[in-house]
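So you can see what is in the structure, the chains are spelled out below.
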Amino acid sequence: MTEDIGERVVELAKRRGFFFQSNGAYGGVSGFYTYGPQGATLKSNVENAWRDRFAVQEGHQEIDAPTVMPEPVFEASGHLDGFDDMLVECPECGESHRADHLVEDATDIEDAEAVPISEVEEMIAEHDLVCPNCGTELAGEPVQDFNLMFETNIGPGSSQPGYLRPETAQGIFVEFPRLKEYARNQLPFGVTQIGKAYRNEISPRNSIIRVREFTQAELEHFIDPEEDEPPLERVEDVEVTLYPASEQNKENGDYVETTVGDAVEDGILTNEWVAYYLGVAKPWYERVGVDMDRFRFRQHLPGERAHYAADCWDAESEIDGDWFELAGLAYRSDYDLSKHGEYSDEEFTLFKQYDEPKTVERATVDPDMSYLGPEFGGQAGEIADALETKAERDRTAFDGDTVSVEVDGDEYVVPVERTGFAVEEVTESGEHITPHVVEPSFGVGRVVYTVIAHAYREDEVDGEERTYLELDAEVAPTTVGVFPLMDKDGMAERAREIAAELRENGLDVTYDDSGAIGRRYRRQDEVGTPFCVTVDYETLEEGTVTVRERDTTEQTRVDVDELAESLAGLRNGGGTFDELLAPADAE
Ligand code: GAP
């Protein structure tokens, strides 16, 4: 049962209220989805599980930044210049397509994004690719870079352009000068954010897999690359399926089944921080219900890496034979903080105190302005600054009689005796460093989709076909369905009371009294409710209820007084349904 799961998931998601295309009343707009009552709860349960693992258990802090940010942020981050996808437009119907996706669909190439534009154009011609909308040939059509950011204006008029953030990360980076204070200027520290990101995708597809508005859960872990090491021993035994770039380049490239510790030792995972987060991520995906037989970590090919990433591995899952990215785990080095330091007026560095003060030699200049002024006129000030920078970076340049510096593309030669060059000994208590960043970046919608697809089951119960979702109790939108067997003799009232009691005990409860009991079970099965409780005559007479487990459909009777504790225990992983069955079997 592997075919067309995607289609069945989308149909179920719409029918049962997980997710559906937004704005249906106005014809719908591609790439925008609404999470219905079941989906919103499932999504929020996934977010809470992520928060628990990546923020709470790691000791990181969470923030909540705005989604609209001014243009200079994205000039600095490189998104204005480099956040592009390849677009090809149909000359006949005008529909735009992702050129790299057309190539991937028609060839064995898995990541055409990494292929240069000119080669993509050649492949379009070579494989006679046509417009998927109207069938017109696309050979000869130009492939262009299309920037994915949504532009807006902040306030009236167009004087302050802004953009909807394409990644939540920038909301963390721009606040680094303040966030480091909250962390008492001590590295390492991590900041997380769960929030919306926006990308004007050329061709949104696969329902919530590729959308224009989506939720990311991101962690930016700021480290001192010289000193900080991850606690690898905590995850070294985690088993992982790796698909390194070297294997992807081979004709019969294969996976490497290994552990995080061995992969580091064998040089497959070359960055220990990325390795650490692979080891954290894998059990987390398993915890929320991703099938580990359909899960892998794939290393980015060099041409595929984002403009900021020094190394990157994607967590990927498989549905219907296609692999897609769930998360990117990247080493962003000091790229972002350096850029924001360069483009803004703030310091994006952190003062690192030495254990012992150090005496170091420092090269300085004290230019003779009575010489520079008449000699170089209006450029004198900038030449003096350039001499200072040169002395800091290359003191050997002052070894001769003259030293040359560049200002605005012009070269100026200054006699060394006029520069006041000197080398002094100074005692320093520390230095300003730019932290490096390790970033696990998760797409929440893609986890929701995978969890549903991997939990999708069809079987037969009492001669009837049944569809159910084998969702983990931690993420299932409803933990317990409560039904009165009939709406008479006080059963409905008692069922409502029991539902209220279970809610008071922190369980997600759905009360349902409509239709035959079998249909009510099917409805809960389809949304993945792990347990259903039925109130009947025995409840009124003896104070017990029927508890039915979703996957096996087995039933047992439980004392109402023990119900909340038993079900909360089952939801939180304390015990199994078999143990709950045991006392009943023993009777
Ligand atoms: N800050 C790094 C970053 O944004 P990314 O690989 O571009 O990296 C991270 O995005 C995750 O966000 C992806 O692994 C994916 O799960 C999710 N994502 C990206 N684009 C998406 C889209 N158009 N629709 C749904 N999810 C998306």
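Calculation criteria
Residues numbered from 1 in each chain as written. Predicted model: local features only at pLDDT ≥ 70, side-chain atom pairs only at ≥ 80, totals over all residues. Heavy atoms only, no water. Domains from an automatic or database assignment. Near = heavy atom within 4 Å. Polar contact = N/O pair within 3.5 Å; in protein donor to acceptor, adjacent residues only side chain to side chain. Helix = DSSP H or I, 4+ residues; strand = E, 2+ residues; numbered from the N terminus. Nonpolar A, V, L, I, M, F, W, Y, C, P; charged D, E, K, R; others polar. Buried < 20%, exposed > 50% of the residue type's maximum accessible area, 1.4 Å probe, protein only. Core = buried A, V, L, I, M, F, W, Y, C linked by side-chain atoms within 4.5 Å. Pairing = 2+ DSSP bridges. Axes fitted to C-alpha atoms, helices over the stretch in contact; angles between N-to-C directions. Contact = heavy atoms within 4.5 Å.

## So, the domain arrangement of the chain
At step 1: Assigned domains within the chain: domain 1 (1-53 + 167-337 + 434-469), domain 2 (355-431) and domain 3 (478-586).
At step 2: One C-alpha centre belongs to domain 2, the other to domain 3, and the line joining them spans 79 Å.

## Structural notes on the site of the ligand
At step 1: Taken together, 19 residues surround the ligand, and among them E167, E201, V211, E218 and E325 come closest.
At step 2: Measuring from an oxygen atom of the ligand, one finds a backbone N or O atom of G443 at 3.2 Å.
At step 3: Mapped by element, the contributors of at least two residues to the shell around the ligand are β11 (213-223), β16 (322-333) and β21 (436-443).
At step 4: Partitioning the shell around the ligand into residue classes produces six nonpolar, four polar and nine charged.

## What about helix α17 (residues 517-526)?
At step 1: Every buried residue belonging to α17 is among R520, Y521, R522, Q524, D525 and E526, and all of these are buried.
At step 2: Once α17 ends, the next one or two residues include G528, with phi positive near 80°.

## Considerations on the nonpolar core
At step 1: Y277, W284, Y285, F297 and F442 are the most contacted members of the largest nonpolar core, which has 65 residues in total.
At step 2: Sorting elements by how many residues they give to this core places helix α11 (residues 272-288) first, with eleven residues.

## Points about the sheet that holds strand β6 (residues 96-98)
At step 1: Ordered in space as β6-β5-β7, the three strands form an open sheet in which the pairing is antiparallel. The open sheet has two edge strands with one neighbour each: β6 and β7 (143-147). When strand polarity is set aside, the average angle formed by the axes of neighbouring strands in this sheet is 50°.
At step 2: Relative to β7, strand β5 (residues 84-89) is paired through five bridges, and the arrangement is antiparallel. By the bridge assignment for β7, L87 is matched with Q144.
At step 3: The sheet strands contacting helix α6 (residues 117-126) are β5 and β7, and the helix crosses β7 at an angle near 125°.

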